[in-house]
Amino acid sequence: GSQRELLNLSQQDYANRIEELNQSLKEAWASDQKVKALKIVIQCSKLLSDTSVIQFYPSKFVLITDILDTFGRLVYDRIWTMCSDPRPLPESFTVDDVNDTAKETCLNWFFKIASIRELLPRFYVEAAILKCNRFLNK
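What counts, and where the lines are drawn
Residues numbered from 1 in each chain as written. Predicted model: local features only at pLDDT ≥ 70, side-chain atom pairs only at ≥ 80, totals over all residues. Heavy atoms only, no water. Salt bridge = Lys/Arg side-chain N within 4 Å of Asp/Glu carboxyl O. Helix = DSSP H or I, 4+ residues; strand = E, 2+ residues; numbered from the N terminus. Buried < 20%, exposed > 50% of the residue type's maximum accessible area, 1.4 Å probe, protein only. Contact = heavy atoms within 4.5 Å. Arc of directions from axis to C-beta. Axes fitted to C-alpha atoms, helices over the stretch in contact; angles between N-to-C directions. Parallel < 35°, antiparallel > 145°, perpendicular 65-115°, else oblique. Left-handed = near helix turned anticlockwise from the far one by under 90°. Nonpolar A, V, L, I, M, F, W, Y, C, P; charged D, E, K, R; others polar.

J.: How do you make sense of the pattern of salt bridges when you look at a structure like this?
T.: Any two side chains of opposite charge can pair, so long as their charged atoms come close to each other. This structure, assessed with the given rule, holds 4 salt bridges. Across the pair E20 and R17 runs a salt bridge whose closest N-O atoms are separated by 3.2 Å. Here E20 pairs with R17, and both are found in helix α2 (residues 11-30), just 3 residues apart, close to one helical turn. Overall, the relative accessible area of 45% leaves E20 in the partly exposed class. For R17, a relative accessible area of 15% gives the class buried.

J.: Hey, could you run me through the side chain of S45 in this one?
T.: Along the chain, S45 falls in helix α3 (residues 34-46). With near-sequence residues (within four places) excluded, S45 lies in contact with I64, L68, L120, P121, Y124 and V125.

J.: Please clarify how helix α6 (residues 119-128) should be interpreted in this entry.
T.: In an α-helix there are 3.6 residues to a turn, and that puts residues three or four apart on one side. Taken together, the buried positions of α6 are P121, Y124, V125 and A128. Buried residues in α6, looked at end-on, bunch into an arc of 95 degrees, giving them a common side. Opposite its buried face, α6 presents the exposed residues L119 and F123, each directed more than 90 degrees away.

J.: Help me out: how do you make sense of the packing of α2 against α3 in this one?
T.: A pair of packed helices can be characterised by two numbers: the angle between their axes and the separation between those axes. The contact between α2 and α3 brings their axes to 7 Å, and the two run at 160 degrees. The orientation of α2 with respect to α3, classified from their angle, is roughly antiparallel. In the crossing of α2 with α3, the sense of the turn from one axis to the other is left-handed. Contacts between α2 and α3 involve L21, S24, L25, A28 and W29 from the first element and K34, K36, A37, I40, V41, Q43 and C44 from the second. Residue classes in the contact of α2 with α3 are distributed as 8 nonpolar, 2 polar and 2 charged.

Structure below.
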């Protein structure tokens, strides 16, 4: 759904629509459609710039940041899994323990996000995967 479509919804309808987007994100990720998942997250983060219905903005913020958290966790888990091949990565790993494939994948995520033109979505999506920086830097 577009931003215009969401403007005329009640708070409950809006919450339901955001939950549908969250499910779409998880389904896209599970079906290996990473670009679609990223587009959903970008679309959701763009919604945070709309303050026209200020009375339920706090609820909207929580719902959308939950989607961003989900996305960040999915990206982190994917890179973690790449590092665990052939042996599991220790919890207290360093960047030296991370294999080149995982580092490259992690960098690719940061580069994809850096190419988002609008500042607010780029800020929120990059903040969502900030934990992944651990795979790249000490």
